[in-house]
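Observations on the model geometry
Here's the letter readout for the chains.
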Amino acid sequence: MKLWGGRFEKSTDALVEDFHSSISFDQRLYKQDIQGSIAHARMLGEIGVLTAEEAQEIIEGLKGILTDIQAGAIEFEIGAEDIHMNVEKLLTERVGTVGKKVHTGRSRNDQVALDLRLFLREEIDHTKDLLVALLRTILNLAKEHQETWMPGYTHMQKAQPITFAHHMMAYAQMLLRDLGRLRDTRKRLNVSPLGSGALAGTTFPLKREMVAAELGFDGITWNSLDGVSDRDFALEFLSAASIIMMHLSRLCEELVLWSTGEFQFVIMDDGYSTGSSIMPQKKNPDVAELVRGKTGRVYGDLMALLTVMKGLPLAYNKDMQEDKEQVFDAVDTVQKSLLVVEPMLRTIKVNKEAMAKGAKGGFTNATDLADYLAKKNVPFREAHEIVGKLVLYCSKRSCGLEDLTIEELQEQSPVFEEDLFTSIGIEYCVRQRNIPGGPSPTRVAQAIAWTEDALAQL
Ligand code: ARG
């Protein structure tokens, strides 16, 4: 017998029973569903829709169900469709007729909107903790490597020298913004939709604020249609999760690249690498690759829900039942990825020598040589041309700018003097980039302090 069976003469087709049931996945919301029902029942008791005893019986019944679900003692029923009706059915089995009163002034539409908000709020907090842990690991790496010189790239071509700390701190800024995005998402989602009913509120004088306060919300939704039909809070989470994954993916891609024989900038710990079934020599960065791959899943979750929502007329439509699997998948994927990237990054061995060697080659000091001329009043465009010619000259001789004699240099410009050689030493080039946000060790130390401060305020 269905909880909504009154107006039906025939039973649901067996195929449909299976097709539309969501209990296989939305059972994950059991805790939130019960929390919400407890708050709703308490409020119904307060306004006299239930007697104090009835409210108490329902609350006790719900608490018992929660304990039993947690103990694994409950088998959910596909026939009861979803977590909301499964819980209500269990309640009635346990406390009798009074259980049938819990749904007074409520619909599964505002109930599911509530559950998903409660669920995401908790998962956002957990995701933030994981992000903070990764951010701290990045900060520690940066602190350790403020004078670890490395090449910076554009177009994957060597560009200018930086430090490993500076490179790492770029990711720190990204993760800091990710934290901000999660915080903003949480703020907007933290309002209670309960009381929206199916779509048009209810004739019962529900105390919406009371329920909201008990459930830790900052307020209530202010339109009953919107309260049940909006999923933009879930979409905001999915976009924040997609951006987090994109950041992790770029970091992982760099680890994959840096651990190649060609780069040898880092050595990944054995614990975060795997071997080949045929090639005995192999040590592959599978974990980093998998995070890169899983990024696609989370983008998919975002696209799926955006697509589900795009054509839906107000208010609730069953299409929206498709929101949960996407949200669950994204939550799991982003959390597992953050969880594994942190120790993977923490345990890398940084090959300072290889990085420093890389920083030296490839004319990474060419801009500095042009700047040298510009500081001696040569217009920068002319300085660029002069150094370009010198680079070409060196390329043909397979040497660096620093290997040229003063005479060779002066052939291109009489402005060059002996002091130029100091100006194009790699370490000097980095130290001279002493501008806020720049790679000089002083400025990176400043950025680390600024970031730690920002983190403390989040
Ligand atoms: N299982 C449904 C969902 O996840 C709950 C709401 C159902 N409401 C309804 N009118 N069929 O969206």
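- Looking at an unreviewed UniProt entry, one finds the protein named Argininosuccinate lyase and attributed to Desulfitobacterium dichloroeliminans.
- UniProt lists a comment for the protein under the heading Sequence similarities (unreviewed entry), and it reads "Belongs to the lyase 1 family. Argininosuccinate lyase subfamily."
- Per UniProt, the protein carries the Pathway (unreviewed entry) text "Amino-acid biosynthesis; L-arginine biosynthesis; L-arginine from L-ornithine and carbamoyl phosphate: step 3/3."

1. Looking at the site of the ligand
- The full set of residues close to the ligand is Ser 22, Asp 26, Asp 82, Arg 108, Asn 109, Val 112, Tyr 316, Lys 318, Met 320 and Gln 321.
- With 3 residues, helix H6 (residues 108-144) is the largest single contributor of residues to the shell around the ligand.
- Taken together, the residues of the shell around the ligand break down into 3 nonpolar, 3 polar and 4 charged.
- When we break the shell around the ligand down by domain, the ones giving at least three residues each are domain 1 (12-104) and domain 2 (109-204 + 218-357).

2. Brief notes about the pairing of strand E2 (residues 157-163)
- Bridging between strand E1 (residues 149-154) and E2 involves 6 bridges; their strand directions are antiparallel. Paired with Met 150 across the two strands is Ile 162, which belongs to E2.
- Joining the antiparallel neighbours E1 and E2 is a turn of 2 residues, in which His 155 adopts a positive phi near 55°.

3. Some points on the domain arrangement of the protein
- Taken domain by domain, the protein comprises domain 1 (12-104), domain 2 (109-204 + 218-357) and domain 3 (358-457).
- Using C-alpha coordinates to define each centre, domain 2 is positioned 36 Å away from domain 3.
- Counting residues at the interface gives 25 residues for domain 2, matched by 21 residues for domain 3.
- Among the secondary structure elements, those contributing two or more residues to the side of domain 2 that touches domain 3 are H6, E1, E2, helix H7 (164-189) and helix H13 (352-360).
- When residues in the side of domain 2 that touches domain 3 are grouped by element, the largest group, 6 residues, is from E2.
- For the side of domain 2 that touches domain 3, the class distribution of residues is 17 nonpolar, 4 polar and 4 charged.

4. As for unusual backbone geometry
- In this model, Leu 314 is joined to Ala 315 through a cis peptide bond whose omega is 0°.
- Tracing the sequence through the fold places Ala 315 in the loop between helix H11 (286-309) and helix H12 (323-346).
- Of note, His 155 is a non-glycine position whose phi angle comes to about 55°, a positive value.
- By the element assignment, His 155 lies in the loop between E1 and E2.
- Phi angles above zero are rare outside glycine, and Ser 398 is one such case at about 50°.

5. Quick notes on the packing of H6 against H12
- Between H6 and H12, whose axes approach to 9 Å, the crossing angle comes to 15°. Taken together, the axes of H6 and H12 lie roughly parallel to each other. As H6 runs across H12, the sense of the crossing is left-handed. Taken together, the residues of H12 that come into contact with H6 (itself represented by Leu 116, Leu 120, Glu 123, His 126, Thr 127, Leu 130, Leu 131, Ala 133, Leu 134 and Thr 137) are Asp 323, Lys 324, Val 327, Val 331, Val 334, Gln 335, Leu 338, Leu 339, Val 341, Glu 342, Leu 345 and Arg 346.
- For the contact of H6 with H12, the per-class residue count stands at 13 nonpolar, 4 polar and 5 charged.

About the thresholds
- Residues numbered from 1 in each chain as written.
- Predicted model: local features only at pLDDT ≥ 70, side-chain atom pairs only at ≥ 80, totals over all residues.
- UniProt positions renumbered as here; feature names shortened; annotations may be inferred.
- Near = placed C-beta within 6 Å.
- Helix = DSSP H or I, 4+ residues; strand = E, 2+ residues; numbered from the N terminus.
- Nonpolar A, V, L, I, M, F, W, Y, C, P; charged D, E, K, R; others polar.
- Domains from an automatic or database assignment.
- Pairing = 2+ DSSP bridges.
- Contact = placed C-beta atoms within 7 Å.
- Axes fitted to C-alpha atoms, helices over the stretch in contact; angles between N-to-C directions.
- Parallel < 35°, antiparallel > 145°, perpendicular 65-115°, else oblique.
- Left-handed = near helix turned anticlockwise from the far one by under 90°.

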